[in-house]
Amino acid sequence: IFADLAKIEQVFANLISNAADALKNAQNKKIVIWSKAFESSFIIQVQDFGSGIKKENIESIFDAFYTTKIVGEGTGFGLSIVKTILEEHQGDISVDSEINVGTTFTIRLPQA
(Lines give C-alpha, C1' and ligand atoms only; values in the text may rest on other atoms or scores of the structure.)
Protein backbone atom coordinates (compact mmCIF):
# COMPACT_ATOMS: atom_id res chain seq x y z
CA ILE A 1 0.00 0.00 0.00
CA PHE A 2 0.99 3.61 -0.33
CA ALA A 3 0.61 5.06 3.15
CA ASP A 4 1.83 7.63 5.60
CA LEU A 5 3.68 5.36 8.04
CA ALA A 6 3.18 7.63 11.05
CA LYS A 7 -0.56 7.80 10.45
CA ILE A 8 -0.92 4.05 9.95
CA GLU A 9 1.08 3.50 13.15
CA GLN A 10 -1.40 5.81 14.90
CA VAL A 11 -4.30 3.68 13.63
CA PHE A 12 -2.84 0.52 15.13
CA ALA A 13 -1.70 2.24 18.32
CA ASN A 14 -5.27 3.44 18.92
CA LEU A 15 -6.87 0.08 18.13
CA ILE A 16 -4.41 -1.89 20.25
CA SER A 17 -4.72 0.58 23.13
CA ASN A 18 -8.51 0.27 23.03
CA ALA A 19 -8.24 -3.51 22.89
CA ALA A 20 -5.93 -3.51 25.92
CA ASP A 21 -8.42 -1.30 27.81
CA ALA A 22 -11.21 -3.74 26.97
CA LEU A 23 -9.18 -6.58 28.52
CA LYS A 24 -8.80 -4.98 31.97
CA ASN A 25 -11.47 -7.20 33.57
CA ALA A 26 -11.31 -10.10 31.11
CA GLN A 27 -10.15 -13.58 32.03
CA ASN A 28 -8.80 -14.32 28.54
CA LYS A 29 -6.39 -11.40 28.04
CA LYS A 30 -5.62 -11.89 24.38
CA ILE A 31 -5.39 -9.62 21.35
CA VAL A 32 -5.20 -11.19 17.89
CA ILE A 33 -4.03 -9.29 14.81
CA TRP A 34 -4.67 -10.98 11.49
CA SER A 35 -4.01 -9.82 7.93
CA LYS A 36 -4.54 -11.12 4.43
CA ALA A 37 -3.79 -9.76 0.98
CA PHE A 38 -6.42 -10.00 -1.72
CA GLU A 39 -6.19 -8.97 -5.38
CA SER A 40 -7.19 -5.36 -4.78
CA SER A 41 -6.96 -4.84 -1.02
CA PHE A 42 -5.47 -5.81 2.30
CA ILE A 43 -7.69 -6.82 5.20
CA ILE A 44 -6.38 -6.42 8.73
CA GLN A 45 -8.31 -7.40 11.84
CA VAL A 46 -7.63 -6.42 15.43
CA GLN A 47 -9.58 -8.65 17.80
CA ASP A 48 -9.81 -8.64 21.57
CA PHE A 49 -11.61 -11.00 23.92
CA GLY A 50 -12.67 -8.25 26.30
CA SER A 51 -15.75 -6.45 27.50
CA GLY A 52 -17.29 -5.76 24.08
CA ILE A 53 -19.29 -2.75 22.91
CA LYS A 54 -23.01 -2.38 23.55
CA LYS A 55 -25.10 -2.59 20.36
CA GLU A 56 -26.61 0.85 21.04
CA ASN A 57 -23.10 2.38 21.09
CA ILE A 58 -21.77 0.81 17.86
CA GLU A 59 -23.13 3.56 15.57
CA SER A 60 -21.47 6.30 17.66
CA ILE A 61 -18.00 4.91 18.32
CA PHE A 62 -16.43 6.63 15.30
CA ASP A 63 -17.95 10.05 16.18
CA ALA A 64 -15.60 12.74 17.47
CA PHE A 65 -15.89 13.30 21.24
CA TYR A 66 -17.81 10.05 21.78
CA THR A 67 -16.44 7.97 24.63
CA THR A 68 -17.74 5.48 27.16
CA LYS A 69 -14.74 6.04 29.40
CA ILE A 70 -14.95 8.08 32.59
CA VAL A 71 -13.81 11.70 32.57
CA GLY A 72 -10.02 11.91 32.39
CA GLU A 73 -9.56 8.47 30.82
CA GLY A 74 -10.50 9.17 27.22
CA THR A 75 -11.11 12.07 24.87
CA GLY A 76 -13.37 10.39 22.34
CA PHE A 77 -10.97 11.15 19.50
CA GLY A 78 -9.20 7.80 19.03
CA LEU A 79 -11.63 5.96 16.77
CA SER A 80 -12.67 9.16 15.01
CA ILE A 81 -9.03 9.75 14.09
CA VAL A 82 -8.65 6.09 13.03
CA LYS A 83 -11.60 6.36 10.65
CA THR A 84 -10.36 9.67 9.22
CA ILE A 85 -6.85 8.31 8.60
CA LEU A 86 -8.19 5.21 6.89
CA GLU A 87 -10.49 7.28 4.68
CA GLU A 88 -7.49 9.46 3.74
CA HIS A 89 -5.86 6.24 2.53
CA GLN A 90 -9.01 5.22 0.58
CA GLY A 91 -9.70 2.52 3.16
CA ASP A 92 -12.43 1.81 5.65
CA ILE A 93 -13.09 0.21 9.01
CA SER A 94 -15.95 -1.82 10.43
CA VAL A 95 -16.64 -3.35 13.82
CA ASP A 96 -18.28 -6.47 15.19
CA SER A 97 -18.75 -6.78 18.92
CA GLU A 98 -20.53 -8.81 21.56
CA ILE A 99 -20.71 -7.94 25.24
CA ASN A 100 -18.37 -10.05 27.40
CA VAL A 101 -17.12 -11.89 24.29
CA GLY A 102 -15.01 -9.27 22.54
CA THR A 103 -14.63 -6.92 19.62
CA THR A 104 -13.16 -7.21 16.15
CA PHE A 105 -12.20 -4.19 14.06
CA THR A 106 -11.75 -4.96 10.37
CA ILE A 107 -9.67 -2.59 8.25
CA ARG A 108 -9.61 -2.62 4.46
CA LEU A 109 -6.85 -0.78 2.61
CA PRO A 110 -6.42 -0.77 -1.17
CA GLN A 111 -3.34 -2.28 -2.75
CA ALA A 112 -1.10 0.14 -4.60
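These lines cover the structure that appears in this document, whether it is placed above or below. Worth saying up front: this structure is predicted, and the values here are computed from it rather than measured. (Residues numbered from 1 in each chain as written. Predicted model: local features only at pLDDT ≥ 70, side-chain atom pairs only at ≥ 80, totals over all residues. Heavy atoms only, no water.)

Observations regarding the overall build of the protein
- Counting secondary structure elements, the protein contains three helices and four strands.
- Along the chain direction, N to C, the helices and strands of the protein fall in the order α-β-β-α-α-β-β.
- Against the 2.2 N^0.38 benchmark of 13 Å for 112 residues, the protein shows a C-alpha radius of gyration of 14 Å, consistent with a compact globule.
- If you line up the protein on its principal axes, its C-alpha atoms span 40 × 30 × 25 Å. (Helix = DSSP H or I, 4+ residues; strand = E, 2+ residues; numbered from the N terminus. Rg over C-alpha atoms; globule rule 2.2 N^0.38 Å.)

Observations regarding the sheet that holds strand β1 (residues 31–37)
- Reading across from one edge, β1-β2-β4-β3 is the order of the four strands in this open sheet, with antiparallel pairing throughout. The sheet is open, and its two edges are formed by β1 and β3 (92–98), each paired on a single side. Strand-to-strand twist across the sheet, computed as the mean angle between neighbouring axes with direction ignored, equals 15°.
- By the bridge criterion, seven bridges tie β1 to strand β2 (residues 41–48) in an arrangement that is antiparallel. (Pairing = 2+ DSSP bridges. Axes fitted to C-alpha atoms, helices over the stretch in contact; angles between N-to-C directions.)

Thoughts on the pattern of salt bridges
- Under the defined criterion, the tally for this structure stands at three salt bridges.
- Of the charged contacts, one joins lysine 7 and glutamate 88 as a salt bridge, the two residues approaching to 3.0 Å between their closest N and O atoms. Note that lysine 7 is positioned in helix α1 (residues 5–22) and glutamate 88 in helix α3 (residues 78–88), a separation of 81 residues in sequence.
- You can call lysine 7 partly exposed: its relative accessible area is 31%.
- The closest approach of N and O atoms between aspartate 92 and arginine 108, which form a salt bridge, is 3.2 Å. With aspartate 92 in strand β3 and arginine 108 in strand β4 (residues 102–110), this residue pair connects regions lying 16 residues apart in the sequence.
- Owing to a relative accessible area of 35%, aspartate 92 belongs among the partly exposed residues under this scheme. (Salt bridge = Lys/Arg side-chain N within 4 Å of Asp/Glu carboxyl O. Buried < 20%, exposed > 50% of the residue type's maximum accessible area, 1.4 Å probe, protein only.)

Don't take any of this as a statement about function, it's just geometry.
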